[in-house]
Amino acid sequence: MIKVSKITTPSLWSVYVIFCSDNSLYTGITTNIERRFQEHLTSKKGAKYFRGRKPLRVVYAQNFESRSLASKRESAIKRLSTQSKRQIILHYQRQKMLNALIQSVRLSQNFKK
């Protein structure tokens, strides 16, 4: 008998940081940030870290081609001081806003044509 291996599409792995109700930051990795956030919020599948605090929002996310790369970035972020983590979050959020502004300008220019 020939074994047929299951064909899977490669998935992106993401590192994420969640801002919590006690002003702390939680860092993790996943293939689906929205699902994982909901698990932290409502499920027993969520991290034990959230038993004493509530996850409020995802404040940072970065995608990687492999779990290994995502884990290395997660580890690097976890080693940072709180101040350094807040700096990369601020940079990420500014970049996200700038990208949204650029997209908005491009759309308005295309609309005018």
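Residues numbered from 1 in each chain as written. Predicted model: local features only at pLDDT ≥ 70, side-chain atom pairs only at ≥ 80, totals over all residues. Heavy atoms only, no water.

All right, on to the pattern of salt bridges then. Pairing between side chains of opposite charge can happen when the charged atoms of each approach one another. Considering all chains together, one arrives at four salt bridges under this definition. The partner of Arg-53 in a salt bridge is Asp-22, with the nearest N and O atoms 2.7 Å apart. Of the two residues, Arg-53 sits in the loop between α1 (33–42) and β3 (55–64) while Asp-22 sits in the loop between β1 (13–20) and β2 (25–30), which places them 31 residues apart along the sequence. Of the residues examined, Arg-53 reaches a relative accessible area of 24% and is grouped as partly exposed. Between Glu-39 and Arg-36 there is a salt bridge whose closest N-O contact spans 2.8 Å. (Salt bridge = Lys/Arg side-chain N within 4 Å of Asp/Glu carboxyl O. Helix = DSSP H or I, 4+ residues; strand = E, 2+ residues; numbered from the N terminus. Buried < 20%, exposed > 50% of the residue type's maximum accessible area, 1.4 Å probe, protein only.)

What follows is about the confidence of the model for the chain. Taken over all residues, the pLDDT of the chain has a mean of 90, while the share at 70 or more is 88%. Taking the mean pLDDT of every element in the chain, the minimum, 90, falls on helix α3 (residues 82–112) and the maximum, 98, on helix α2 (residues 67–79). (pLDDT = per-residue confidence, 0-100.)

Strands in a sheet are paired, the pairing made by backbone hydrogen bonds, and the direction either parallel or antiparallel. Taken in spatial order, the three strands of this open sheet run β2-β1-β3, and their pairing is antiparallel. The sheet terminates laterally at β2 and β3, the two strands that pair on one side only. Put simply, the sheet's adjacent strands are angled 20° from each other on average, direction ignored. Against the sheet, α1 engages β1, β2 and β3, with an angle of about 150° to β3. (Pairing = 2+ DSSP bridges. Axes fitted to C-alpha atoms, helices over the stretch in contact; angles between N-to-C directions. Contact = heavy atoms within 4.5 Å.)

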